[in-house]
Amino acid sequence: MAFMKKYLLPILGIFLAYYYYSAKEEFRPEMLRGKRVIVTGASKGIGREMAYHLARMGAHVVVTARSEEALKKVVSHCLELGASSAHYVAGTMENMTFAEQFVAKAGKLMGGLDMLILNHITSSNNPMTVFINDIDQVRKNMEVNFLSYVVLSGAAMPMLKQSNGSIVVVSSIAGKTANPLVAAYSASKFALDGFFSSIRVEYAVTNVNVSITLCILGLIETETAMTGTAGIYNAEASPKEECALEIIKGGALRQKEVYYDSSVLTLFLLGNPGRKILEFLSLRNYNMEIFIKN
Ligand SMILES: NC(=O)c1ccc[n+]([C@@H]2O[C@H](COP(=O)([O-])OP(=O)(O)OC[C@H]3O[C@@H](n4cnc5c(N)ncnc54)[C@H](OP(=O)(O)O)[C@@H]3O)[C@@H](O)[C@H]2O)c1
Ligand SMILES: *[C@@H]1O[C@H](CO)[C@@H](O)[C@H](O)[C@H]1NC(C)=O
Ligand SMILES: *[C@@H]1O[C@H](CO)[C@@H](O)[C@H](O)[C@H]1NC(C)=O
Ligand SMILES: *[C@@H]1O[C@H](CO)[C@@H](O)[C@H](O)[C@H]1NC(C)=O
């Protein structure tokens, strides 16, 4: 109890104060003007809305997904909206060679990279299904929703280090909490948290100035989500346009996490100060100096 009073409570207080009240810089659309941004899974849904917002803000965009026809339309609408430039590269994120070469191509098209927005998910399964013995589905979810994100980030890192850029990872409440009928999807989203949150700490202590923003979304009104959950899951869905804007804002402000859900309780309940305190305290046990370059 003495220990609690002496150390734990003050630390907790400082943490909470820092987390909730740290002076937040205000977002301005001009922050994206001229920035070079990749958006994956941008042929429809939230990804397409992000591309349109970025275009209105005057960014350079390269979009990708599998459907070439849809991407063509997204690119031409981006140009109408005022994008500094807009291109697409079509392909599947099941193919890690494509993922790697895609980043190189996008970098060439824009002359570098400031923000990598990772948003695609496999659409091979209806998300609301039970598939504990369907290893193919689990593997596909892990490869497309997780492994390709790692490949894309790895390929983009040299450019992002050069620009002090940002990685934005789109996840879900199912990547923070347990829910029925989404086991494989949920596993892939939890994996993103484990991987990218670990990398974020690593970068912080080794002075790599590339921000990582993990976005925790509730139900969003996209066609995929609405048809996938119809008759099975009833919750209020939030608009995809606003969702897309909140993701871009969080990335531009270099926030660690973005919460976007119809319920304000979500941020409050998932803020998880316990995890933050443990992560902070565990750093003392590492000899990270040996990894600091220059
Ligand atoms: N909507 C929600 O309720 C909700 C909730 C929480 C989190 N999220 C997250 O938000 C993100 C976007 O969701 P959304 O609802 O906007 O999805 P969506 O409308 O289904 O869009 C998914 C995108 O991924 C692309 N894609 C699918 N398979 C692919 C593959 N094998 N390789 C490359 N691209 C592929 C699709 O295009 P092609 O088919 O042309 O390839 C499409 O552009 C996802 O990360 C999702 O987990 C959504
Ligand atoms: C994977 O992508 C690469 C690069 O786009 C391509 O050359 C290769 O043929 C693809 N592999 C498969 C199996 O489609
Ligand atoms: C990146 O940030 C460093 C400081 O961390 C600064 O010296 C450098 O000029 C910045 N580079 C760019 C391209 O903004
Ligand atoms: C990291 O880069 C951002 C964006 O260029 C810049 O605003 C910030 O000051 C940099 N941080 C450090 C610690 O250099």
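Residues numbered from 1 in each chain as written. Chains lettered and ligands numbered in written order. Predicted model: local features only at pLDDT ≥ 70, side-chain atom pairs only at ≥ 80, totals over all residues. Heavy atoms only, no water.

As recorded in an unreviewed UniProt entry, the chain goes by 11-beta-hydroxysteroid dehydrogenase 1 and comes from Physeter macrocephalus. The UniProt entry for the chain carries the following comment under Subcellular location (unreviewed entry): "Endoplasmic reticulum membrane". Under Sequence similarities (unreviewed entry), UniProt gives the following word-for-word description of the chain: "Belongs to the short-chain dehydrogenases/reductases (SDR) family." (UniProt positions renumbered as here; feature names shortened; annotations may be inferred.)

Asker: Please explain the packing of aromatic side chains as it appears in this structure.
Answerer: For the coordinates displayed, the defined rule picks out three aromatic pairs. Each ring, one from F98 and one from F102, has its centre 6.0 Å from the other, and the planes form 25°; the classification is stacked. One end of the pair, F98, and the other, F102, are both in helix α4 (residues 96-110), four residues apart, so they sit about a helical turn from each other. Across the pair, exposure class does not vary: F98 and F102 are buried alike. With a centroid separation of 5.1 Å and 75° between ring planes, the pair formed by F195 and F196 is classed as edge-to-face. Residue classification places F196 among the buried positions, given a relative accessible area of 3%. Here the aromatic cluster, defined as three or more aromatic residues joined through ring pairs, consists of F146, F195 and F196. (Phe/Tyr/Trp six-rings, centres within 6.5 Å; stacked < 30°, edge-to-face > 60°. Helix = DSSP H or I, 4+ residues; strand = E, 2+ residues; numbered from the N terminus. Buried < 20%, exposed > 50% of the residue type's maximum accessible area, 1.4 Å probe, protein only.)

Asker: Would you take a moment to explain the nonpolar core for this structure?
Answerer: Across soluble globular proteins, you tend to see nonpolar side chains buried next to one another. One finds L32, M50, L54, C78, L217 and I247 to be the most contacted residues of the largest nonpolar core, which totals 38 residues. Per-element tally for this core: the top contributor is helix α2 (residues 45-56), with six residues. What C78 contacts, discounting residues up to four positions off in sequence, is A51, Y52, A55, V61, A83 and A86. In this structure, V103, L160, L192 and Y259 belong to the second largest nonpolar core, which totals 35 residues. (Core = buried A, V, L, I, M, F, W, Y, C linked by side-chain atoms within 4.5 Å. Contact = heavy atoms within 4.5 Å.)

Asker: Would you mind going over unusual backbone geometry with me for this structure?
Answerer: With the exception of glycine, the majority of residues adopt a negative phi angle, and the majority of peptide bonds are in the trans configuration. One non-glycine residue, L181, lies in the positive phi region at around 75°. By the secondary structure assignment, L181 is in the loop between β5 (166-172) and α6 (183-205). Phi at N207 takes a positive value of approximately 60°, unusual for a residue other than glycine. As for its placement among the helices and strands, N207 is situated in the loop between α6 and β6 (211-217). Taking relative accessible area as the criterion, N207 reaches 62% and is therefore assigned exposed.

Asker: Please clarify how the side chain of R200 should be interpreted in this entry.
Answerer: Mapped onto the elements of the fold, R200 is located in helix α6. Once residues within four sequence positions are removed from consideration, R200 is found in contact with I212, L214, K256 and E257.

Asker: How should the site of ligand 4 be read in this particular structure?
Answerer: The local shell around ligand 4 consists of N164, N209 and R254. Here N209 contributes a side-chain N or O atom positioned 2.5 Å from an oxygen atom of ligand 4. Look at ligand 4: alone it shows 370 Å² of surface, and the protein chains cover 31% of it. (Near = heavy atom within 4 Å. Polar contact = N/O pair within 3.5 Å; in protein donor to acceptor, adjacent residues only side chain to side chain. Areas by Shrake-Rupley, 256 points an atom, 1.4 Å probe, with all protein chains shown as cover.)

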